[in-house]
Amino acid sequence: MSDKTYQVAIIGGGMVGATVACLLAEKGMSVALVDAGDPSAAWPEGGYDLRVSALTLASINLFKSLGVWDEIVQLGEQSVEKMFVWDHFGSGELDIDSADAGEMQMGSVVENRITVLALWKKLQSLATCDIFKSVQLEGFDTNEECVDIQLSNDTNIKAKLLVGADGSSSKMRQLSRIEHYGWGYQQKALVATVKSEKSHKNTAWQRFLPEGPLALLPLRDGLISIVWTSQTETTEAYLELSDSDFCDALAEASEHQLGSFELIGTRGAFPLKLQFSSEYCQQRMVLIGDAIHTIHPLAGQGANLGLKDAVTLANVVLKAHEARRDIASQQVLRRYERQRKGDNLLMMGIMDGFKRLFGADETLVKLTRSSGMGLINQSVLLKNQICKYAMGL
Ligand SMILES: Cc1cc2nc3c(=O)[nH]c(=O)nc-3n(C[C@H](O)[C@H](O)[C@H](O)COP(=O)(O)OP(=O)(O)OC[C@H]3O[C@@H](n4cnc5c(N)ncnc54)[C@H](O)[C@@H]3O)c2cc1C
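I will try to describe carefully the structure that is included in this document. Just so we're clear, the structure is a prediction, and the values are computed from it rather than from any experiment.

**Structural notes on the site of the ligand**
Part 1 of the reasoning: Near the ligand you find 32 residues, and of these Asp 35, Arg 51, Ala 54, Asp 290 and Ala 303 are the closest.
Part 2 of the reasoning: Ala 36 is positioned with one of its backbone polar atoms (N or O) 3.0 Å from a nitrogen atom of the ligand.
Part 3 of the reasoning: The separation between a nitrogen atom of the ligand and a polar main-chain atom of Leu 137 is 3.1 Å.
Part 4 of the reasoning: Contact with the protein chains covers 84% of the free accessible surface of the ligand, which is 1,000 Å².
Part 5 of the reasoning: Elements supplying a minimum of two residues to the shell around the ligand: α1 (15-25), β2 (31-35), β3 (52-56), β12 (180-196) and α8 (302-322).
Part 6 of the reasoning: Of the residues that constitute the shell around the ligand, the class distribution is 16 nonpolar, eleven polar and five charged.

**A short note on the sheet that holds β3**
Part 1 of the reasoning: Read across the open sheet, the three strands follow the order β3-β7-β4; overall the sheet is antiparallel. The open sheet has two edge strands, β3 and β4 (78-80), and neither has a second partner. Here the average twist between neighbouring strands, direction ignored, is 30 degrees.
Part 2 of the reasoning: The pairing of β4 with strand β7 (residues 107-111) spans three bridges and is classified as antiparallel. Within the sheet, the bridge partner assigned to Ser 79 lies in β7 and is Ser 108.
Part 3 of the reasoning: Sitting on the sheet, helix α2 (residues 57-65) touches β3 and β7, and the angle it makes with β3 is about 90 degrees.

**Regarding the packing of aromatic side chains**
Part 1 of the reasoning: Scanning all chains against the criterion turns up seven aromatic pairs.
Part 2 of the reasoning: With a centroid separation of 5.9 Å and 35 degrees between ring planes, the pair formed by Tyr 181 and Phe 276 is classed as tilted. Taken together, the positions of Tyr 181 in strand β12 and Phe 276 in strand β16 (residues 261-277) put the pair 95 residues apart, joining distant regions of the chain.
Part 3 of the reasoning: Exposure remark for Phe 276: the relative accessible area of 24% places this residue in the partly exposed category.
Part 4 of the reasoning: A centroid spacing of 6.0 Å and a plane angle of 50 degrees characterise the contact between Tyr 280 and Tyr 336, whose relative ring orientation is tilted. Note that Tyr 280 is positioned in the loop between β16 and β17 (281-282) and Tyr 336 in helix α9 (residues 330-359), a separation of 56 residues in sequence. Of the two residues, Tyr 280 and Tyr 336, both sit in the buried class.
Part 5 of the reasoning: The rings of Phe 84, Trp 86 and Trp 205 are connected pair by pair, giving a single aromatic cluster.
Part 6 of the reasoning: Positioned above the aromatic ring of Phe 246 is the side chain of Arg 267, whose terminal nitrogen or guanidinium carbon lies 4.7 Å from the ring centre.
Part 7 of the reasoning: The ring of Tyr 280 has Lys 341 lying over it, and the distance from NZ or CZ to the ring centre is 5.6 Å.

**Here's the deal with the pairing of strand β6 (residues 93-97)**
Both faces of the sheet carry side chains from a regular strand, because those side chains alternate between them.
Part 1 of the reasoning: On β6, burial follows the alternation: Leu 94 and Ile 96 on one face are buried, whereas Glu 93, Asp 95 and Asp 97 on the facing-out side are not.
Part 2 of the reasoning: For strand β5 (residues 82-87) and β6, the ladder comprises five bridges, and the chain directions are antiparallel. Of the residues in β6, the one forming a bridge with Met 83 is Ile 96.

**Description of the packing of α1 against helix α4 (residues 112-124)**
Part 1 of the reasoning: Viewed as axis vectors pointing N to C, α1 and α4 meet at an angle of 25 degrees, and their least axial separation amounts to 9 Å. Of the possible angle classes, the one that applies to α1 and α4 is roughly parallel. Where α1 crosses over α4, the two elements pack in a sense that is left-handed. Together, Met 15, Ala 18, Thr 19, Ala 21 and Cys 22 of α1 and Asn 112, Thr 115, Val 116, Leu 119, Trp 120, Lys 122 and Leu 123 of α4 make up the contact between the two elements.
Part 2 of the reasoning: Per-class residue counts for the contact of α1 with α4 are eight nonpolar, three polar and one charged.

**A closer look at α4**
Part 1 of the reasoning: With 13 residues, α4 extends 18 Å between its outermost C-alpha atoms, agreeing within 8% with the 18 Å of an ideal straight helix rising 1.5 Å per residue.
Part 2 of the reasoning: Buried residues of α4: Asn 112, Ile 114, Thr 115, Val 116, Ala 118, Leu 119, Trp 120, Lys 122 and Leu 123, and no others.

**Thoughts on the pattern of salt bridges**
Part 1 of the reasoning: Counted under the stated rule, the structure contains 17 salt bridges.
Part 2 of the reasoning: Across the pair Asp 130 and Lys 4 runs a salt bridge whose closest N-O atoms are separated by 2.9 Å. Placement of Asp 130 in strand β8 (residues 129-133) and of Lys 4 in the segment before β1 (5-11) is noted, with a sequence separation of 126 residues between them.
Part 3 of the reasoning: Arg 334 is the salt-bridge partner of Glu 337, the closest N and O atoms lying 2.9 Å from each other. Taken together, the residues span about one helical turn, with Glu 337 and Arg 334 both in helix α9 at a distance of three residues.
Part 4 of the reasoning: One connected set of salt bridges, linked through shared partners, spans Glu 279, Arg 334, Glu 337 and Lys 341.

**Looking at unusual backbone geometry**
Most peptide bonds are trans, and most residues other than glycine sit at a negative phi.
Part 1 of the reasoning: Of note in this structure, Asn 202 is not a glycine but carries a positive phi near 50 degrees.
Part 2 of the reasoning: Among the structural elements, Asn 202 can be located in the loop between β12 and β13 (203-209).
Part 3 of the reasoning: One non-glycine residue, Glu 255, lies in positive phi territory at about 50 degrees.
Part 4 of the reasoning: Among the structural elements, Glu 255 can be located in the loop between α7 (243-253) and β16.

Cut-offs and rules
Residues numbered from 1 in each chain as written. Predicted model: local features only at pLDDT ≥ 70, side-chain atom pairs only at ≥ 80, totals over all residues. Heavy atoms only, no water. Near = heavy atom within 4 Å. Polar contact = N/O pair within 3.5 Å; in protein donor to acceptor, adjacent residues only side chain to side chain. Areas by Shrake-Rupley, 256 points an atom, 1.4 Å probe, with all protein chains shown as cover. Helix = DSSP H or I, 4+ residues; strand = E, 2+ residues; numbered from the N terminus. Nonpolar A, V, L, I, M, F, W, Y, C, P; charged D, E, K, R; others polar. Pairing = 2+ DSSP bridges. Axes fitted to C-alpha atoms, helices over the stretch in contact; angles between N-to-C directions. Contact = heavy atoms within 4.5 Å. Phe/Tyr/Trp six-rings, centres within 6.5 Å; stacked < 30°, edge-to-face > 60°. Buried < 20%, exposed > 50% of the residue type's maximum accessible area, 1.4 Å probe, protein only. Lys NZ or Arg CZ within 6 Å of the ring centre and 35° of its normal. Parallel < 35°, antiparallel > 145°, perpendicular 65-115°, else oblique. Left-handed = near helix turned anticlockwise from the far one by under 90°. Expected span 1.5 Å × (residues − 1). Salt bridge = Lys/Arg side-chain N within 4 Å of Asp/Glu carboxyl O.

Note that all results are geometric; they support no functional claim without further evidence.
So, in structure tokens, the structure goes:
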């Protein structure tokens, strides 16, 4: 039974929660980070995390500024230099090279667990941060002065500010009165790690298929991480296939661009949904990352958006702290909400629009889509804009 008081308690030590913890604790604020899991536990020898993220240059720069990028590189990442997108219908295709935009790379593909491990390692070196691993949030009570937080290990802690970074099924969101809206896509994303016959050429490949996009992301060790979106029944059927039948189906779906495949490890699947919260904060509590926005992964932006939330929240909190004002006042928390809501809603709208555009079955839409891609592919200016957007710049 501890009753220690922190300036900030963060529920959820995934990529987003661990980042905000680093940003605050490295400036000397006292931080408690609580996570239901333990990223360092049971890392299988030679195994790969099925959850990977394409990080933009902006996110990479954030990790460099936190001093964790070298650790990520050591644990394993793969830079992305090019992007090749093509449509199942017609001849529409788009190839984008970061060199044309004057950059060495567009971003990097990193397994989520590697990013989290590097962030946790940094947190463990910061004197003002306590990590509560394999511990869950049970409940919290807020008053004028602080938040009383009940944890699953029979521990109570107090904090001036409680941050919910506990993902798309956020218990923090459920326990608060914050409403959220959204819909399921009746789709699942099948994820797997594969070895390809041909080199991935440091390129992110994406083919738009009738049921959804198939992304083949370059991964460390010359491997490829796939995210294959289909209707729920189709995904379940792919999960049932034998390894070799699955690899054959994948080669066919990717038009043999990378030759044949060999499956490394198991396959997994995530149901896809769009979800957003109407407000981001209440008395002494605030939500960030997937807890307030869950988007379609077709352009790999969810974690990158969450990292922007983390930076914005840390900035407003640190500013209030330096000015010796209440770090959890509504004025401070609403400033964060105002700065992030527009960007988050815009990205959600764009991803939802893309999903509908590329999922459309009407011939006219398909023709326009295909010729539109062809036109963009001929414009260096537009391609550079898309490239800068993909870099998060
Ligand atoms: C198939 C797929 C592919 C994707 N690809 C990309 C991509 O390429 N690029 C990109 O930017 N994004 C991508 N995303 C999105 C990205 O994975 C998420 O946006 C990101 O992981 C969200 O991070 P988070 O820290 O907010 O939440 P999470 O990663 O979900 O972390 C939440 C943490 O909270 C902890 N937790 C939960 N409940 C509790 C509790 N009650 N008590 C204590 N701890 C708790 C969990 O243990 C976990 O560690 C993809 C998503 C999917 C499904």
